[in-house]
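Architecture at a glance
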Amino acid sequence: MQKVTAPLSNTQMVELRDKFGSVLQENVSLSFYTTAHVGGKADALIPANSADELANTAAFLWEAQIPFILIGGGSNVLVSDEGYHGVILLNHARNIRIDTHTTPMVAFAESGANFGGLARQAALRGMSGIEWAANVPGSVGGAVYGNAGAFGSNTQASLTSVDLILKDGGRQSWTADQMKYQYRSSILKREQISAVILSASFKLTQSDEETVQKAIAASTEKRKSTQPPGASTGSTFKNPEGDHAGRLIEAAGLKGYGIGGAVISPIHANFIINQNNASAMDYYRLIRHIQKTVADQFGVNLELEIELVGHFTDGEF
Ligand SMILES: Cc1cc2nc3c(=O)[nH]c(=O)nc-3n(C[C@H](O)[C@H](O)[C@H](O)COP(=O)(O)OP(=O)(O)OC[C@H]3O[C@@H](n4cnc5c(N)ncnc54)[C@H](O)[C@@H]3O)c2cc1C
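Counting restarts for each chain, with residues numbered from 1 along the sequence as it is written. In view of the model being predicted, local features appear only for residues whose pLDDT reaches at least 70, and side-chain atom pairs are presented and counted only at 80 or more, with totals across whole chains, interfaces and linings using the full set of residues. Hydrogens and water are ignored here; the side-chain numbers use all heavy atoms of the structure.

1. Some details on the packing of helix H1 (residues 10–20) against helix H2 (residues 51–63)
A fitted line through C-alpha atoms represents every axis, and for helices the fit uses only the stretch in contact; the resulting angles, taken between N-to-C directions, go from 0 to 180 degrees. Only DSSP runs of H or I with at least four residues qualify as helices, and only runs of E with at least two residues qualify as strands; both kinds are numbered from the N terminus onward. Contact geometry for H1 and H2: axes closest at 12 Å, N-to-C directions at 150°. Here H2 runs roughly antiparallel to H1, going by the angle between their axes. Between H1 and H2 lies a crossing of right-handed hand. Contact residues: Glu15, Leu16, Lys19 and Phe20 in H1; Thr57, Phe60 and Leu61 in H2. By residue class, the composition of the contact of H1 with H2 is four nonpolar, one polar and two charged. Put simply, angles under 35 degrees are roughly parallel, angles over 145 are roughly antiparallel, angles from 65 to 115 are roughly perpendicular, and the rest are oblique. Helix crossings are classified by the rotation of the near helix relative to the far one: an anticlockwise turn of less than a right angle makes the crossing left-handed, while a clockwise turn makes it right-handed. Only heavy atoms enter the contact rule, under which two residues are in contact if any of them lie within 4.5 Å. In this classification, Asp, Glu, Lys and Arg are treated as charged, Ala, Val, Leu, Ile, Met, Phe, Trp, Tyr, Cys and Pro as nonpolar, and every other residue, Gly included, as polar.

2. Re the pattern of salt bridges
Each reported salt bridge corresponds to a side-chain nitrogen of Lys or Arg within 4 Å of a carboxyl oxygen of Asp or Glu. Applying the stated criterion to the full structure yields 10 salt bridges. Its salt-bridge partner being Lys214, residue Glu210 comes within 3.7 Å of it at the nearest N-O pair. Note that Glu210 and Lys214 are positioned in helix H7 (residues 209–226) at a spacing of four residues, about one turn of the helix. Burial classes: relative accessible area under 20% of the type maximum marks a residue as buried, over 50% as exposed, and values in between as partly exposed (1.4 Å probe, protein chains only). Under the relative-accessibility criterion, Glu210 is labelled exposed at 55%.

Structure representation (structure tokens):
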């Protein structure tokens, strides 16, 4: 789903300046806020430093009918070279709390907290359940939104509740069931529901620090040997049922193939690396080339795991 909007009007910019003063940043390059380090400028950017700030800002923007997108770690989005016409709500709400005296034990995090950081904090207390996330680069909110997962587990498995604000519904607390999770997807993602995840709680079990740290060390080693370092969006495509996107791309002979500065990693074919100042269009052309080649050779339609933000044109394909 491409999130495309018209440039903000002068009236909207004045409204934003009046409301947010020096907190508002204008014409901000989004390449600084995405792990692929590509993307043009956003008309405006507003950081939110707590769950309440996040909720209040989202409510204001909805009320004022000013389009916005929330960005956490920017590790699952590809922003177009034209950027995004609207507001980027940058999630810096990062408080976490780990309750060891409750049953079950709970890790609570505001949605801007780094998920890997939360997993490592839990590990220091010998608490198990989310250690698989220790190296996922995004925010808790991004993981809850997209059901991030690795090494046979996922967000859904440990999530107990989510606090969120809905454009049509205000602040609510949802159970994990209400998120209607599927592979790398929630109802919020599938149905593009206007909502902002404010915080989430995860159930943990007591283990011991050595065991949990060992599991993290093993998964870190596995990642190092199977995934490339450097700027990328991580896994670009979802794995099709019963197969792996990386295997299909490799079998199509595309490992190492590049367009402009965007290159299919020779280490993991589902990773597209920003090797040499890639543009978003380099990424997009390569994505389409991969999809066409894999469909032609194997009859499989690779679906994007990452989300497209801004305008991308299919005209030349
Ligand atoms: C090197 C690398 C390794 C990766 N490894 C994994 C992996 O092992 N497993 C895996 O599942 N993924 C992996 N990813 C992908 C990515 O890290 C995850 O999808 C992550 O959960 C995205 O979080 P984010 O904060 O970066 O989301 P963003 O990219 O900031 O946002 C992605 C989408 O989520 C929405 N969103 C984000 N936060 C909220 C919120 N609070 N409320 C509502 N909507 C929100 C955004 O609006 C956007 O639509 C990897 C990525 C990279 C670059």
